[in-house]
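Listed below, chain by chain, are the residues.
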Amino acid sequence: MPKKLLFAPFVLAFLYFAIFNYKSVLDKYLETFLGQWGGLYDLGIIAIFLVLAALSFCLYVTFTQNIKFVLPLILVTAILPFLFFSTSLAMVVAVS
């Protein structure tokens, strides 16, 4: 695997963990906002994974500098929410 494709698995892994944690927050959405801690811890973990995914995606695009390598990764990351959520919610997560 060329060195410029090194960050693609990191992007997918960080995004997977962010979506996986987001699903647990959505399952207990009332506790997130009305619980003792207010869900700040759970939302902070999601934010950390999203920042890591964004940073690794930026590094991936910077190192590859070629649309034929970037486009498949964008398509895979757009399809990833459909594995975890219902179709209507997955559309919202995929677009955002």
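Structure shown above.
Residues numbered from 1 in each chain as written. Predicted model: local features only at pLDDT ≥ 70, side-chain atom pairs only at ≥ 80, totals over all residues. Heavy atoms only, no water.

(A) Representation of the overall build of the chain within the structure. Helix and strand counts for the chain come out as five helices and zero strands. Seen in sequence order, the chain has helices and strands lined up from the N terminus as α-α-α-α-α. A burial count over the chain gives 26% of its 96 residues as buried. Summing over all exposed atoms, the chain offers an accessible surface of approximately 6,800 Å²; the carbon and sulfur share of this is 75%. (Helix = DSSP H or I, 4+ residues; strand = E, 2+ residues; numbered from the N terminus. Buried < 20%, exposed > 50% of the residue type's maximum accessible area, 1.4 Å probe, protein only. Areas by Shrake-Rupley, 256 points an atom, 1.4 Å probe, with all protein chains shown as cover.)

(B) Quick look at the side chain of Thr64. Among the structural elements, Thr64 can be located in helix 3 (residues 40-64). Among the polar contacts listed, one links the side chain of Thr64 to the backbone oxygen of Val61, at a separation of 3.5 Å. (Polar contact = N/O pair within 3.5 Å; in protein donor to acceptor, adjacent residues only side chain to side chain.)

(C) Fine view of a nonpolar patch on the surface. Residues Ile48, Val51, Leu52 and Leu55 make up a contiguous nonpolar surface patch of roughly 350 Å² in combined accessible area. Among the structural elements, Ile48 can be located in helix 3. On the accessibility criterion, Ile48 (51% relative accessible area) is exposed. (Patch = residues over 30% accessible without salt bridge, like charges linked within 9 Å, V, L, I, M, F, W, Y side chains within 5 Å. Salt bridge = Lys/Arg side-chain N within 4 Å of Asp/Glu carboxyl O.)

(D) Representation of helix 3. Between the first and last C-alpha of helix 3 there are 36 Å, a value that for 25 residues agrees with the 36 Å anticipated at 1.5 Å per step. Of all the positions in helix 3, only Ile46, Phe49, Ala53, Ser56, Tyr60 and Thr64 are classed as buried. (Expected span 1.5 Å × (residues − 1).)

(E) Region of interest: the packing of aromatic side chains. Counted under the stated rule, the structure contains five aromatic pairs. Ring geometry for Tyr16 and Phe20: centres 6.1 Å apart, planes at 20 degrees, overall stacked. Taken as a pair, Tyr16 and Phe20 lie in helix 1 (residues 8-27) at a separation of four residues, close to a single helical turn. For Tyr16, a relative accessible area of 34% gives the class partly exposed. Among the aromatic residues, ring-to-ring pairing joins Tyr16, Phe17, Phe20 and Phe49 into one connected group. (Phe/Tyr/Trp six-rings, centres within 6.5 Å; stacked < 30°, edge-to-face > 60°.)

(F) Expanded view of the packing of helix 3 against helix 4 (residues 67-79). Put simply, helix 3 and helix 4 touch, their axes get as near as 9 Å, and they point 155 degrees apart. Here helix 3 is positioned roughly antiparallel relative to helix 4, judged by the angle of their axes. Listed contacts from helix 4 to Phe57, Tyr60, Val61 and Thr64 of helix 3 are Phe69, Val70, Leu73 and Ile74. Within the contact of helix 3 with helix 4, the residues separate by chemical class into seven nonpolar, one polar and no charged. (Axes fitted to C-alpha atoms, helices over the stretch in contact; angles between N-to-C directions. Parallel < 35°, antiparallel > 145°, perpendicular 65-115°, else oblique. Contact = heavy atoms within 4.5 Å. Nonpolar A, V, L, I, M, F, W, Y, C, P; charged D, E, K, R; others polar.)

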